[in-house]
Amino acid sequence: MRGSVLVVTAATLAAFPALSQTPLAAAKVQAANKAWTVPRTPDGRPDLQGVWTNTTITPLERPPELAGKAYFTPQEAAEYEKKTVATQTGDRRDGGPEADVARSYNEFWRDRGTKVVPDLRTSLIVDPPDGRVPALTPEAQKRVAETAAMMRAHATDGPEYRNLWERCLTRGLPMLPGPYNNDFQIVQAPGYVVILHEMIHDARIIPLDGRPHVPQSVRQWMGDGRGHWEGDTLVVETTNFSEKTNFRGANAGMHLVERFTRVGPEEIRYEFAVDDPTTFTKPWKAEIPMTKAEGQIFEYACHEGNYALADILRGARAAEANQGSK
Amino acid sequence: MRRKWMVAAAAAAFVAMGLPVWAHHAFAAEFDASKPLKLQGKVTKWELVNPHSWIHLDVKDADGKVTEWMVEGGSPNSLFRLGFTKESLPPGTEIVVEGYAAKDGSPRAVGASLTFTDGKKLFLSSSAANGSAPGGEEK
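Residues numbered from 1 in each chain as written. Chains lettered and ligands numbered in written order. Predicted model: local features only at pLDDT ≥ 70, side-chain atom pairs only at ≥ 80, totals over all residues.

## What about the overall build of chain A?
Under the convention used in this document: Counting from the N terminus, the helices are DSSP H or I runs at least four residues long and the strands are E runs at least two residues long. To assign burial, the other C-beta atoms lying within 10 Å of each residue's own C-beta are counted, with C-beta atoms placed from the backbone; 20 or more indicates buried, 12 or fewer indicates exposed, and intermediate counts indicate partly exposed.
Secondary structure summary: chain A contains six helices and ten strands in total. Here chain A, with 326 residues, has 35% of them falling under the buried criterion.

## Here we look at the nonpolar core
Here is the rule: Each nonpolar core consists of buried Ala, Val, Leu, Ile, Met, Phe, Trp, Tyr and Cys residues. Their C-beta atoms, within 7 Å, join them into a set. Here, residues touch in the contact sense if the C-beta positions derived from the backbone fall within 7 Å of one another.
If you look at the biggest cluster of nonpolar residues, it comprises 33 residues, and the most contacted ones within it are Trp-52, Ile-186, Met-254, Ile-268, Tyr-270 and Val-274 of chain A. Apart from the residues within four sequence positions on either side, Met-254 of chain A is in contact with Phe-241, Phe-247, Val-274 and Asp-276 of chain A. Counting 30 residues, the second-largest nonpolar core is a separate cluster that includes Ala-102 and Ile-312 of chain A together with Ile-55 and Ala-112 of chain B.

## Quick word on the sheet that holds strand β4 (residues 94-102) of chain B
Strands in a sheet are paired, the pairing made by backbone hydrogen bonds, and the direction either parallel or antiparallel. Residues and elements named next belong to chain B. Our working rule: Pairing between strands is defined by DSSP: at least two bridges between them are needed. Each axis is a line fitted through C-alpha atoms, taken for helices only over the stretch in contact, and angles between the N-to-C directions span 0 to 180 degrees.
Taken in spatial order, the five strands close into a barrel running β1-β2-β3-β5-β4, and their pairing is mixed. Strand-to-strand twist of the sheet, defined as the mean angle between neighbouring strand axes without regard to direction, takes the value 55°. As paired strands, strand β1 (residues 31-47) and strand β2 (residues 54-60) are joined by six bridges and run antiparallel to one another. By the bridge assignment, Glu-47 is partnered in β2 with Trp-54.

## Details of helix α5 (residues 138-154) of chain A
Residues and elements named next belong to chain A. Inclusion rule: Here the expected span of a helix is defined as 1.5 Å times the quantity of residues minus one. What the arc measures is the spread of directions leading from the helix axis to the C-beta atoms.
An ideal rise of 1.5 Å per residue puts 24 Å on 17 residues; α5 measures up with 24 Å between its terminal C-alpha atoms. Within α5, the full set of buried residues consists of Ala-140, Arg-143, Val-144, Thr-147 and Met-151. Along the axis of α5, the buried residues cluster in a sector spanning 95°; they form a single face. Along α5, exposed side chains directed more than 90 degrees from the buried face belong to Pro-138, Lys-142, Ala-145, Ala-149, Arg-152 and Ala-153.

## Structural notes on unusual backbone geometry
Residues and elements named next belong to chain A. Each neighbour pair has its own omega, and for Leu-173 with Pro-174 the value is 0°, a cis peptide bond. Along the chain, Pro-174 falls in the loop between α5 and β3 (183-189). Positive phi outside glycine occurs at Asn-181, with the angle close to 50°. Here Asn-181 is to be found in the loop between α5 and β3. Not every positive phi belongs to a glycine, and His-201 is a case in point at roughly 45°. Residue placement: His-201 occurs in the loop between β4 (192-197) and β5 (202-207). By the C-beta count within 10 Å, which is 16 here, His-201 ends up partly exposed.

Quick look at the structure:
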């Protein structure tokens, strides 16, 4: 068995010169997946169905200390994994009480992962080549700075000044891993693909029949998605984002194109491209593997269990009252 | 009205900017770093809700007076996927909580460390869980 994988790897490298420029790890992943055929739904399309997770410790942006280094060596990846897991863990108790409170609870609650992406890239962003989000336009810089200042000034005035996770509204798009609940379920039906985001019980129902987007005046938390197949890749184009959303500075102007390709029995390659000339000086792209998840999606009923939001506001009122009485 | 939406958007940006979740200050707004505590008590209830799980425990003080504390944890969904169930922390279990008290003076805390009375950590994290049974007992 091992011999045939090596033969396939060598043959693959020989047949595709470009692959010999990618690190051996990437080539190995591709070779392992080569021997498998994608299962298909009754309408002949690739079967993307199941529960998937995109947990990874690879950061979205290449860290400054890794500038110019697009891939880890296996040794470097192992060191990075060890260092990151030790640094990020909520089980650390150093740094004093403020750091302790900020880390909140034990790491067992979280799903940050312990591994970088299998091809050992040092960032999820693949374009621009420096692995960083492009600069914001001057207009966007101003917008972001103004709203950040306003948020600082009003941070605990009321629920609308808290972030969308704390308010149990949405985790939005694109599908990026966070510290927990990085699970998604894909269901395919004739003419539609449904993507259920565990957090926060968002189900995107994406028509594949080529109908136009909703009118420009209609704005939605998860935008308005339209899907089509390009060969064996599902392409989802989403527009009409509400200005109440925010992705790295982009809101209503964001044009998001996601691509889903089943590349192995346990893996979907998920790519997204962000295009928003009102926010970013150039479009940018990222790639995150989605792997088969253990277990099921659980309902993320959120609002009714949300003691924390009230506690945050009550805590602020108590702190103000204490200051007043000094 | 428009400004309020801009604010909501900025708040969303704070999370979406890729900052670790603990940097969004919610816990600093909710809990008081100057009020560290250590509680020991019997679990009475475990609210397996999102966005945060809450462990209720009865804590007896030196005078024998019992106070019901609520300790904030994370989403239960990840724990379920690791194989833990509601039976993993049955009512009556004695646990020790090290953490910080709520700013508003109510008997609520965030549990920076949750252990059994013998010091074994509850629900070992997934990276440490290889070979260990749920509940923190070693096999």
